There are 2 protein chains.
Amino acid sequence: MTTTGPADGPADPAPARRRGRPGYDQAAILRAAVELFNRKGYDATSMGDLAKELGLTKPAIYHHVTSKEQLLGQALDDALDELTAVVTAASQDAAGTSAYERLREVVRRSVEVLVAHQPSVTLLLRVRGNSEVELAALQRRRWLDDRLAALVADAVAEGALRDDVPPALVSRLVFGMVNSLVEWYRPDGAYDRAMVAEAIAAIAFDGLARHEA
Amino acid sequence: MTTTGPADGPADPAPARRRGRPGYDQAAILRAAVELFNRKGYDATSMGDLAKELGLTKPAIYHHVTSKEQLLGQALDDALDELTAVVTAASQDAAGTSAYERLREVVRRSVEVLVAHQPSVTLLLRVRGNSEVELAALQRRRWLDDRLAALVADAVAEGALRDDVPPALVSRLVFGMVNSLVEWYRPDGAYDRAMVAEAIAAIAFDGLARHEA
């Protein structure tokens, strides 16, 4: 299970350093795994591919993680925990804010989560339910969808939103627009995240057409 | 290369029938391949998996198609040819229609293409550029994106659309909303395609907020 250090000979003096190759902790392995899953597809990626990507032996990786599924589960939880926090906050009207204000806020904060956690959200959005881990993630996604649809329904009931499109369809489409960011957004690109969040809110709530144009 | 027929003995009297197993033509193999690519991921699917799915031998499949890449290319061309036709029509103002009218129309027709060709469009939207075939598809997608951004810019120049969001960002977001359909839309579900197209146009152009609510 010990790894071969760069060039420091056979007698490693620090026993703690013998567990795992220097430079790779679990977080770094997870980041590399998510990047590889997104690039090659999760099902097409083996632990051997991941080891090769990191320049590690397979035993060295299994020293840190028990399975590919464990890495997938950690990445999906990372995305889901963030999104759940945003949606839970928006579902509570403790501050006396309107549902409409909270809906605009959840759009803005979802864009932030998506940009800050783009690799794990990308992976989440591609999950197809091919394993227990994926099915559990889909169930958590469904809970989010239901809360968002309820928030849209509340905003319609307040009279703030048009009532001619079903709330569940509105939330699918608006958050479909938000989620589409993962496919093209680059933090170093032409648009910063505040600008993108503002553009999505402008399109979704106010529309593109000039009124009385 | 001949296949073993169901139970019709070694002497097949119709030579034409010996080419390919009865019941599978190239179109049926392509449909099954696209379904499997979407379910398992393209990179994780082998020709052996496809043969198993169809209950064919690998040689029987290779009688119809030369490679997995050929199937991918055919599916991507199916989606791209349809989308290209829609976008090309919208880019021509031969009928004297406004850019704004043509933009609303291209949204509506894109929804139709997506619903009618959902499996191949789903595959197209998941392409990551891992092969020559995928890179060629990405190049055709980029052409579509550029044409759509130009159409948005024309509608802004007409004075029909707000000018505070860059046209390329508008087209990414609006068609991101359209494309998000592939992840959840079911033709036998609660919403028919005309209703979905209408909802997207209502959100994108008119906005959800009630004016003066």
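Residues numbered from 1 in each chain as written. Chains lettered and ligands numbered in written order. Predicted model: local features only at pLDDT ≥ 70, side-chain atom pairs only at ≥ 80, totals over all residues.

Draft legend 1. Spatial organisation of the overall build of chain A. Counting its secondary structure elements, chain A contains nine helices and zero strands. In sequence order, the secondary structure elements of chain A are arranged as α-α-α-α-α-α-α-α-α. Every one of the 213 residues in chain A was classed for burial, and the buried ones make up 34%. If you take every contact in chain A between residues at least 6 apart in sequence, the share linking residues at least 24 apart comes to 67%. (Helix = DSSP H or I, 4+ residues; strand = E, 2+ residues; numbered from the N terminus. Buried ≥ 20, exposed ≤ 12 C-beta atoms within 10 Å, placed from the backbone. Contact = placed C-beta atoms within 7 Å.)

Draft legend 2. Up close: the interface of chain A and chain B. Each partner contributes to the interface: chain A provides 35 residues, whereas chain B provides 35 residues. Secondary-structure elements contributing two or more residues to the side of chain A that touches chain B are α1 (26-40), α8 (167-179) and α9 (193-206) of chain A. No other element matches the eight residues that α8 of chain A contributes to the side of chain A that touches chain B. Here the residues of the side of chain A that touches chain B are counted per class, giving 21 nonpolar, six polar and eight charged. (Nonpolar A, V, L, I, M, F, W, Y, C, P; charged D, E, K, R; others polar.)

Draft legend 3. Structural view of the nonpolar core. Grouped together as the largest cluster of nonpolar side chains are 112 residues, with contacts concentrated most on Val107 and Ile200 of chain A together with Val107 and Ile200 of chain B. Apart from the residues lying within four places of it in its own chain, the contact partners of Ile200 of chain B are Leu173 of chain A together with Val107, Val111, Met177 and Val178 of chain B. (Core = buried A, V, L, I, M, F, W, Y, C linked by C-beta atoms within 7 Å.)

Draft legend 4. Highlighting the relation of the copies chain A and chain B. Superposing chain A onto chain B takes a rotation of 180° plus a shift of 0.0 Å along the axis, which leaves an RMSD of 0.0 Å. Put plainly, the chains are arranged around a two-fold axis. When you check the interface residues of chain A against chain B, 100% turn up at the interface there too, and the contact is symmetric in its surfaces. (Least-squares fit on C-alpha atoms with pLDDT ≥ 70 in both.)

Draft legend 5. Summary view of the packing of helix α1 (residues 26-40) of chain B against helix α4 (residues 68-91) of chain B. Residue and element names in this part refer to chain B. One way to put it is that α1 packs onto α4 with a least axis distance of 10 Å and a crossing angle of 90°. The orientation of α1 relative to α4 falls into the category roughly perpendicular. Residues Leu30, Ala33 and Val34 of α1 touch α4, and the partners they reach there are Leu71, Gln74 and Ala75. In terms of residue class, the contact of α1 with α4 is built from five nonpolar, one polar and no charged. (Axes fitted to C-alpha atoms, helices over the stretch in contact; angles between N-to-C directions. Parallel < 35°, antiparallel > 145°, perpendicular 65-115°, else oblique.)

Draft legend 6. Geometry of the environment of Leu173 of chain A. With respect to the helices and strands, Leu173 of chain A occurs in helix α8. Residues Leu173 of chain A and Val115 of chain A lie 58 residues apart in sequence; the distance between their C-alpha atoms is 19 Å. Apart from the residues lying within four places of it in its own chain, the contact partners of Leu173 of chain A are Met177, Ala199, Ile200 and Ile203 of chain B.

Draft legend 7. Broad picture of helix α9 (residues 193-206) of chain B. Here α9 of chain B contains 14 residues, and its C-alpha end-to-end distance of 19 Å stays within 8% of the 20 Å for a straight helix at 1.5 Å per residue. For α9 of chain B, every residue scored as buried is listed here: Val196, Ala197, Ala199, Ile200, Ala201, Ile203 and Ala204 of chain B. Each element contacted by the buried residues of α9 of chain B is listed here: α8 and α9 of chain A together with α5 (99-116) and α8 (167-179) of chain B. Count one or two residues on from α9 of chain B and you reach Gly207 of chain B, which has phi positive near 80°. (Expected span 1.5 Å × (residues − 1).)

Draft legend 8. Inspection of the environment of Met177 of chain B at higher detail. Residues and elements named next belong to chain B. Inspection of the secondary structure assignment puts Met177 in helix α8. Overall, the presence of 26 C-beta atoms within 10 Å leaves Met177 in the buried class. Once the C-alpha coordinates of Met177 and Ile200 are considered, the two residues, 23 residues apart in sequence, prove to be 7.6 Å apart.

Draft legend 9. How the structure looks around the domain arrangement of chain A. All names here are of chain A. Assigned domains of chain A: these are domain 1 (15-64) and domain 2 (69-206). On the side of domain 2, nine residues touch domain 1, which itself brings eight residues to the contact. Residue composition of the side of domain 1 that touches domain 2, by class: five nonpolar, one polar and two charged. (Domains from an automatic or database assignment.)

Draft legend 10. Helix α6 (residues 118-126) of chain A, seen in detail. Along α6 of chain A, the residues that are buried comprise Ser120, Val121, Thr122, Leu123 and Leu124 of chain A. Considering only its buried residues, α6 of chain A is in contact with α1, α4 (68-91), α5 (99-116) and α7 (132-157) of chain A.

Draft legend 11. Region of the structure containing the confidence of the model for chain A. Residues and elements named next belong to chain A. For chain A, per-residue confidence averages 88 on the pLDDT scale, and 88% of positions sit at 70 or higher. Low pLDDT (under 50) marks residues 1-21, which in the prediction has 18 contacts with non-local residues, meaning those over four places away or in another chain. Confidence estimates for the predicted assembly give a pTM of 0.86 and an ipTM of 0.85. (pLDDT = per-residue confidence, 0-100.)

Draft legend 12. Just the packing of α4 of chain A against α7 of chain A, in detail. Residue and element names in this part refer to chain A. In the contact formed by α4 and α7, the axes pass within 10 Å of each other and the chain directions differ by 15°. Relative to α7, α4 is oriented roughly parallel. The two elements α4 and α7 meet at a crossing, and its hand is left-handed. Within the contact between the two elements, α4 uses Glu69, Leu72, Gly73, Leu76, Leu80, Leu83, Thr84, Val87, Ala90 and Ser91 and α7 uses Val133, Ala137, Arg140, Leu144, Arg147, Leu148 and Leu151. A breakdown of the residues in the contact of α4 with α7 according to their chemical character gives eleven nonpolar, three polar and three charged. (Left-handed = near helix turned anticlockwise from the far one by under 90°.)

Draft legend 13. Seen up close, the environment of Gln74 of chain B. Residue position: Gln74 of chain B is located in helix α4. Judged by C-beta crowding, with 18 C-beta atoms within 10 Å, Gln74 of chain B ranks as partly exposed.

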